[in-house]
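# Inside the fold
This is what each chain is made of:
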Amino acid sequence: MQKFYLFTFAIILIIVSFANVKSASADVFVKGYFRNGTFVAPHFRSNPDSSFSNNFSTYGNINPYTGEVGTKMTPSYNYSYDKAALDRYEYDLKEIFEDEKAVSSPQEEQDEKEATEMFNAYIENINYGLPEISYTILEQAMKDKYTVEQFSEPRMLSMYEIHDISSHSTDTGVTVEGNWTRTDTSTGTTEDRKFRYEMIKEDEEWKLSSRYTNE
């Protein structure tokens, strides 16, 4: 009988210990909220504690809700802080900033739509053999650098097929980027390249900026 009681006590002890560990390591659900006018989507984060190694964002760990791999090699704060401070201030800043960038405001969405449409018009006019119209979409700094003839002549021999395109708002305007195939109509040769252009507002109209990179 004594062995039975000892066995039962051991089982209860194991269950209680497991429950305590489970409770201590439970994940925390963060409700959606607005930060600086941007909506941060609801998400899970690891329960705040004094350990850096069990955070979702720590290198070698994987966020089980998003599949994102942790990248932080060192803690971003002093782990000698008390737990109450950690409960208040331990946030995964990288996750928050990514959520902010993923959700555009209605104005940003409108800007991205208009800027992309203007960029497509720039390309389409070149494809139609009307680079002089594309020239009107350039920002003033580029018009000051090239005459319409200097701009149009090399582009009369080019055609562009855009395979994918995306855009996102920046502090100065909208970045439009993607992949295209350029065809030299005089030789028939083609080349695939990545493109990245900046669209800016001038006189309330979207213009192609001189700030761009192509690979």
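All of the points below concern the structure found in this document. Here, residues in each chain are numbered from 1, in the same order as that chain's written sequence. Totals for whole chains, interfaces and linings use all residues, but because this is a predicted model, local features are given only for residues with pLDDT of at least 70 and pairs of side-chain atoms are given and counted only at 80 or more. Side-chain numbers here rest on the full set of heavy atoms in the structure, without hydrogens or water.

### A look at the packing of aromatic side chains
- Pairing of aromatic rings covers Phe, Tyr and the six-membered ring of Trp, with a centre-to-centre limit of 6.5 Å; geometry is then stacked below 30 degrees between planes, edge-to-face above 60, and tilted otherwise. Per the counting criterion, the structure on display carries 9 aromatic pairs.
- Note on phenylalanine 119 and phenylalanine 195: the rings are 5.4 Å apart at their centroids and 20 degrees apart in plane angle, and the pair reads as stacked. Of this pair, phenylalanine 119 sits in helix 4 (residues 106–127) while phenylalanine 195 sits in strand 7 (residues 190–202); the two residues are 76 residues apart in sequence, bridging distant segments of the chain. Each member of the pair phenylalanine 119 and phenylalanine 195 is classed as buried.
- Seen in terms of ring centroids, tryptophan 180 and phenylalanine 195 are 4.6 Å apart; in terms of plane orientation they differ by 25 degrees. Their pairing is stacked. One end of the pair, tryptophan 180, is in strand 6 (residues 174–184); the other, phenylalanine 195, is in strand 7, with 15 residues separating them in the sequence. Each member of the pair tryptophan 180 and phenylalanine 195 is classed as buried. Secondary structure is summarised from DSSP: a helix means a run of H or I of at least four residues, a strand means a run of E of at least two, and numbering begins at the N terminus for each. Exposure is judged per residue with a 1.4 Å probe applied to protein chains only, and the accessible area is read against the type maximum: over 50% gives exposed, under 20% gives buried, and values in between give partly exposed.

### As for the pattern of salt bridges
- One side-chain nitrogen of Lys or Arg within 4 Å of one carboxyl oxygen of Asp or Glu is enough to make a salt bridge. Throughout the structure, instances matching the rule amount to 5 salt bridges.
- Note that glutamate 205 is salt-bridged to lysine 207, the shortest N-O span being 3.4 Å.
- Owing to a relative accessible area of 11%, lysine 207 belongs among the buried residues under this scheme.
- Through salt bridges with shared partners, one network takes in Arg182, Glu191 and Arg193.

### Looking at unusual backbone geometry
- You will see that aspartate 203, though not glycine, has its phi angle at about 55 degrees, which is positive.
- Note on placement: aspartate 203 falls in the loop between strand 7 and strand 8 (205–214).
- Residue class for aspartate 203 comes out exposed when judged on its relative accessible area of 77%.
- If you check the backbone angles, glutamate 204 has positive phi at about 65 degrees while not being a glycine.
- Note that glutamate 204 resides in the loop between strand 7 and strand 8.
- Taking the relative accessible area as the measure of exposure, glutamate 204 reaches 70% and is therefore exposed.

### A few points about the environment of threonine 189
- As for its position among the elements, threonine 189 is in the loop between strand 6 and strand 7.
- The class for threonine 189 is partly exposed, based on a relative accessible area of 47%.

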